[in-house]
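Chain residues, written in single-letter form:
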Amino acid sequence: MMNTASPVTRLFSIRNQYGKETATEKLKLLQQVNIKNIKSKKAAQSLYTALLFLQAYPDNKIIYKATEEILIKLHQQVEQNAALQYNLYNSGLTGTTICAAFSFEMVKWLRRTRPSEIKFNSFEADDDQIQAFISVIMSKAESEIFQDGNAEWKSWLKDLRKPDEDILDQLIAIFDSTDIRPEVKDEIWNAIGINVEIKLTSHCCLPASLVKTFYHRSLLRKNYSKQVVKPVAVKLNDKEAEQIIDCSRMIMIRHLREIDPSTFTSAKLVSYYHLQRGISIALMEMVAERRHPIDSYMGYTVFKNGLPVAYAGSWILFDSGRIGLNVFPDYRGGETRYIFEQVLQLHAQVYHLKRFTVDPYQIGKDNSDGIRSGAFWVYYHAGFRPVESQQREIAANEAARIKAEKKYRTAAAVLKTLAESRMELKLQKNAAGFDATDLSRLYANIIAKKYKGDRVTAEKDVAKKLASILQIKNYQDASMNFVLKNWALFLLCKEKEIRKDKSLKQSLKTLFNLKATGSEEAYINALQKNSTLRKLIEEIVEIYMNKS
C-alpha cells in the first residue's frame, strides 16, 4: 500500500526506525522535503525534531550530511518568514526568538557573549516593588533620591544612561557592583522578574574537534550488554571548555530552563569524557561562592554526536549521590535507557560512588513532564527501586503486567503514586545510607531534641566555636563562614570526640578549605577517605533520627 503522508510527517514517524530499507526511505524523504512549503508551526517543529534526531542518531554519513544541509535551509526559511517566526515564538527553533526571565548571572553572560541577540522585554514586578528592590541593591547615598517622592527609578536611570546603554546594561551594572551575598542578589533579581528576549541565531552543537561521530544500524533499547566501559577523558583547553559551557547553557535557554551547575561554572571546572556510540558527557562543578556547604552539587550534559540531548545534576555526599536524568523532548524515543546507564557508570567511576538515589520530583511528583515521559521506568530499568514498601510492591506488580501484556502502559494515576517515594540503587552494601536531604531532616531534629526547638540558642556563634576547635583563622571569610555555619550544628554534637582527635581536626580543616576555596572533586575524594567523620555522622543520625 502506497504511503500518502507528507515527506515531513513520514520522516518524523520513522526517525527512530532502522534497517537498510528504512535508511533508503529516509534519504528519499529528505530529498523530497521542499523547504519553501514549510509554512506552518506544526510542519516546522516536526521537521526540526526529525532532523535533530537524525543528527544525533544517523543511519549513515549520507543521511547525516543531508540533515545538516536541510537544517541550514530550515533556519533560512524561518528567518525569511515573519509569520512563521511569530508562530514559533518561544519554540526554541533556530532563527526564532524566546522570551523569559533568567538568572542574573545568565543574563550577564548572554549580554557579554551575545550583545546583539539579547534585549530587555518587560518587568514582572510593579514599579513600587522594583523601586524598593533597586533601593536595596544601590548604594545608600544614591538610593536616597528615591525617598519621599524626590525621584522615580525609571526616570532616574534614564537620565544617567550612556548613549549606547539601555536599561538592561544599567541593571546589570547596579547588581554587579553590590557586595551582598550572591544568593541574596539572585533572589532580588528573580523577584523583580526581568524578562529578556533572545534571538537564536545558530544551532546548538559542539565543534567537530570534540565529536566522535557514530552511525546507527539500530537503537539500543533492551537486552544490551551492561558491561562497564572505561570513559576516555579529553584534555580541554579553555576555548573548548567554554564551547561546552556555551552549548550546555544555550540548550537550556532554548527550553526555558536553567540549573545552577551550568550557570555557575567556569572553564577550569569542566571535565569531558568520550564514551561509546557517539556519546560524550561533560561534568561541571560550581565556582566556590556558589557551592552547597555540605554535599557537592555537580552538573552534567550528555552529547550525542555533538548535540546536547540530556542534562541533570548530581548531589554527592561521601560515596552516595542523588541523581536525575532529563532528556530533551526532541531526542525522546532514542537510547534513553542506554544513555542513563552511561551517566551512572561515569559518575560511579569518576566520583567513586557506591549508591545512587532519585528524588520524587525526578520521577514525577509535582512534575507533569516526568509523568508524561514515564520517567519512573527509566530509573526502574536501570536498577533503581522505590524506598517505600507500598511503591515497591506496586512497581513489581506493574513490571510483571508490562512483561505479560505487550500493549499495557502504566496509567498516569499509578505513576503519580509511584512518584511518592524516593528510589535507590545500591552498587555496594557498605555505601553511605544518607544524603543531604536526610541531613536536612537531621538538622531540624537536633534543634527540636537537643535545644528544645530554640533555634537562636542552637545556632548562636556555632561557626566561631567550631573554627576555634579546628584553629581556622579565616573563619570570618564569607565562603569559609558559610561552610562552618552549616557543618557546625552537626559536628558540635560530637564536640568531645573532635577535640580529642588531632587527626580528625586536621582533616576537617582540610575539608573545609577545599569546600570554601579549593576543588570540589578534591573535596569529594577527601570526604570519602574520612571514615572517622562518616562514622560520627552515622552516630548522630542514629541518635537524632530514631523514632523515640
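Whatever comes next refers back to the structure up there.
Residues numbered from 1 in each chain as written. Predicted model: local features only at pLDDT ≥ 70, side-chain atom pairs only at ≥ 80, totals over all residues. Heavy atoms only, no water.

**Considerations on the overall build of the protein**
Here is step 1 of the chain: Within the protein, the secondary structure is distributed over 27 helices and 13 strands.
Here is step 2 of the chain: In terms of overall size, the protein behaves like a compact globule, its C-alpha atoms giving a radius of gyration of 26 Å where 548 residues would be expected to give roughly 24 Å.
Here is step 3 of the chain: C-alpha extents for the protein along the principal axes are approximately 80 × 70 × 45 Å.
Here is step 4 of the chain: Classification of the 548 residues of the protein by burial places 51% in the buried group.
Here is step 5 of the chain: Contacts in the protein between residues at least 24 apart in sequence constitute 70% of all its contacts with a sequence separation of at least 6. (Helix = DSSP H or I, 4+ residues; strand = E, 2+ residues; numbered from the N terminus. Rg over C-alpha atoms; globule rule 2.2 N^0.38 Å. Buried < 20%, exposed > 50% of the residue type's maximum accessible area, 1.4 Å probe, protein only. Contact = heavy atoms within 4.5 Å.)

**Quick word on the packing of helix α7 (residues 127-137) against helix α11 (residues 182-192)**
Here is step 1 of the chain: Where α7 meets α11, the axes come as close as 10 Å, and the angle between the chain directions of the two elements is 160°. The angle between the axes of α7 and α11 places the two elements in the roughly antiparallel class. Judged by the twist between their axes, the crossing of α7 over α11 is left-handed. Contacts from Ile130, Phe133, Val136 and Ile137 in α7 reach Ile188, Ala191 and Ile192 in α11. (Axes fitted to C-alpha atoms, helices over the stretch in contact; angles between N-to-C directions. Parallel < 35°, antiparallel > 145°, perpendicular 65-115°, else oblique. Left-handed = near helix turned anticlockwise from the far one by under 90°.)

**Re the pairing of strand β1 (residues 97-101)**
Here is step 1 of the chain: β1 sits mainly inside the fold: four of its five residues count as buried.
Here is step 2 of the chain: The sheet contact formed by β1 and strand β3 (residues 194-199) spans five bridges and is antiparallel. Among the inter-strand pairings, alanine 100 is bridged to a residue of β3, identified as valine 196. (Pairing = 2+ DSSP bridges.)

**What to know about the packing of aromatic side chains**
Here is step 1 of the chain: Throughout the structure, instances matching the rule amount to 18 aromatic pairs.
Here is step 2 of the chain: An angle of 50° between the planes, with centres 4.7 Å apart, marks the rings of phenylalanine 120 and phenylalanine 123 as tilted.
Here is step 3 of the chain: Owing to a relative accessible area of 24%, phenylalanine 120 belongs among the partly exposed residues under this scheme.
Here is step 4 of the chain: The aromatic ring of tyrosine 18 is capped on one face by lysine 26, whose charged end is 3.9 Å from the ring centroid.
Here is step 5 of the chain: Over the aromatic face of tryptophan 109 sits the side chain of arginine 249, whose NZ or CZ is 4.9 Å from the ring centroid. (Phe/Tyr/Trp six-rings, centres within 6.5 Å; stacked < 30°, edge-to-face > 60°. Lys NZ or Arg CZ within 6 Å of the ring centre and 35° of its normal.)

**Points about the pattern of salt bridges**
Here is step 1 of the chain: Taken as a whole, this structure holds 36 salt bridges when the rule is applied.
Here is step 2 of the chain: Where lysine 199 meets glutamate 79, a salt bridge forms, and the shortest distance between an N and an O atom there is 4.0 Å. With lysine 199 in strand β3 and glutamate 79 in helix α4 (residues 61-80), this residue pair connects regions lying 120 residues apart in the sequence.
Here is step 3 of the chain: With a shortest N-O distance of 3.1 Å, aspartate 435 and arginine 422 are connected by a salt bridge. (Salt bridge = Lys/Arg side-chain N within 4 Å of Asp/Glu carboxyl O.)

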